[in-house]
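So you can see what is in the structure, the chains are spelled out below.
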Amino acid sequence: MSKRRPDGHGQSMPFLVSYRLEEKMCLAVPGKVVSLEGNGTGKVDYLGTTVLANLSLLPEVKVGDWVIVHAGFAISRLDQKEARRTLKLFKELEKISPAD
Amino acid sequence: MARRKPSRELLSGWRSAPTIRNLLKAISIETGTIGRPLRIMEVCGTHTMTLHRSGLKPLLREAGVVMVSGPGCPVCITPDYYHEAIIDLVTSRKNILVATFGDMTRVPTARGSLQTTVPAPGSEIRIVYSPEEALELAVKNLEKEVIFFGAGFETTIPAIAFTVKRAAAENLKNFSLLAALWLIPPALQAILESGEVAIDGFIYPGHVSVIIGQQAYRFVAEKFGVPGAIAGFEPADVLLGILSVARQIRLGRPEVANEYRRVVQAEGNPRALALMEEMLEPYEADWRGLGRIKISGLRLRPRFQELDAVRKFDLHLQPAKPLKLGCRCGEVLKGLIEPVDCPLFGRSCDPDHPRGPCMVSYEGACLIEYKYSSGGRKQ
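Criteria and thresholds
- Residues numbered from 1 in each chain as written.
- Chains lettered and ligands numbered in written order.
- Predicted model: local features only at pLDDT ≥ 70, side-chain atom pairs only at ≥ 80, totals over all residues.
- Heavy atoms only, no water.
- Phe/Tyr/Trp six-rings, centres within 6.5 Å; stacked < 30°, edge-to-face > 60°.
- Helix = DSSP H or I, 4+ residues; strand = E, 2+ residues; numbered from the N terminus.
- Buried < 20%, exposed > 50% of the residue type's maximum accessible area, 1.4 Å probe, protein only.
- Pairing = 2+ DSSP bridges.
- pLDDT = per-residue confidence, 0-100.
- Contact = heavy atoms within 4.5 Å.
- Disulfide = S-S within 2.5 Å.

### Observations regarding the packing of aromatic side chains
Residue and element names in this part refer to chain B.
Thought 1: Taken as a whole, this structure holds twelve aromatic pairs over all chains when the rule is applied.
Thought 2: Seen in terms of ring centroids, F101 and F148 are 5.6 Å apart; in terms of plane orientation they differ by 85°. Their pairing is edge-to-face. Of this pair, F101 sits in the loop between β3 (96-100) and β4 (124-127) while F148 sits in strand β5 (residues 145-152), placing them 47 residues apart in sequence.
Thought 3: Residues F153 and W287 carry aromatic rings whose centres are separated by 6.2 Å and whose planes lie at 25° to one another, so their mutual orientation is stacked. One end of the pair, F153, is in the loop between β5 and α8 (157-169); the other, W287, is in strand β10 (residues 280-287), with 134 residues separating them in the sequence. Both residues of the pair, F153 and W287, belong to the buried class.
Thought 4: Aromatic rings pair up to connect Y81, Y82, F153, W182 and W287 into one cluster.

Structural data, given as structure tokens:
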């Protein structure tokens, strides 16, 4: 686990393993579930940084799924099929021209 | 062969320059057909961040779209008197431990901020990143009363509800919640009903929508005839949402589009919604800037009142002194003015010396404007 200090303002926070992902803002980047740790929790990997997340709000989640984590809780699973569909749509946009 | 990991494109495809250019072009074609500039409100502070960080605001202006920031910053809309009540408690009583999110500690009030206040002996203020950390603090500090001062919208509320439910199940007597929990759809209704801001459409917050789904915004299209789209937080996501709103305007067919389908299900997150329903009840809450709005806040149901800090410590959540003169955060939250229109912005108010919550929160329109534009420099 990465143990970076959040850029708080002088408070010492020895009690938590902190990962500063723009505080508790909505994090756009999905993370990958790499292990289930029991008690409804699991490890989620963000390109090498692993955080422990509560998976209780996503009962069907499996190792290998990509999830959105907010305030320590996984709230949604990334639908890869839908993601590809949107990316395909972007490709189709290339065909648009003012002449259309 | 089964795919072992999603292609790189699945993570980076939302930022590609050709895609951004194409989307902007498609948007300008729509606005060209409509024949006037569009004013679209991005409700969520994280969308404001995306627009600024990726430099999209001026490009959108060229494409005929003016983006207006909305009330989507829970720290910003929480009235001062919540902070003042908790500051009074932690400075006057021993062995109180207030746990809250980092930016909440910096909100300036008439009684100072949680960060500058001097707690009574044995009392303290701790920053947490998740409500569950507050619960852990309660387990480890049984001699203290741990109060989680939690501010959030629908995105954060299920996590808080889960934590309180756990505290109840574990019969933890020294844990309680000061709930500053707000609901987005009633706030949108209040903005539309006030008629103060002319808005052609909404970009709905992506992760609030993860929880509440698509139907929650239907009244905006059906009752007010205002288009909208749920959007994600990557640059292409936001543009896709704007394109959808522009199309709805051109076709004269307002709806609630979901342009974040890879993450948002039409029905939301049923488990999270059930948990909110079980633990919390709606009430007429008071928002900074927007005032009292019907069924716009959530508080613990009466059967969990032992875990409600307001009841446990008899906190008086009443407006006391009027807000400090000069700070126009309330108007910024309603989309009435831009941060730069505030006379304090970049002069006596900056991220090191914030005069109001919009300059404190990472989702605050003033802080974001200050960080990403030259507007923060003294003229």
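### A look at the pairing of strand β11 (residues 291-300) of chain B
Residue and element names in this part refer to chain B.
Thought 1: With two bridges joining them, strand β6 (residues 175-182) and β11 adopt antiparallel strand pairing. Looking at β11, one finds that W182 is bridged to G297.
Thought 2: Pairing of β10 with β11 involves seven bridges; the strand directions are antiparallel. From the neighbouring strand, P282 faces β11, where its bridge partner is L298.
Thought 3: Where β10 hands over to β11, the hairpin turn is made up of three residues, of which G289 adopts a positive phi near 85°.

### Quick word on the confidence of the model for chain A
Thought 1: Residues at a pLDDT of 70 or more form 68% of chain A, whose mean pLDDT is 76.
Thought 2: Scored below 50 in pLDDT, residues 1-24 of chain A shows 53 contacts in the model against residues more than four places distant or in partner chains.

### Comments concerning the state of the cysteines
Residue and element names in this part refer to chain B.
Thought 1: For the coordinates displayed, the defined rule picks out two disulfides over all chains.
Thought 2: If one numbers only the bonded cysteines of chain B, in the order they occur, the disulfide pattern is 1-2, 3-4.
Thought 3: Distance from the sulfur of C327, which forms no disulfide, to the nearest cysteine sulfur (C329) is 5.0 Å.
Thought 4: By relative accessible area, C327 is classed as partly exposed at 26%.

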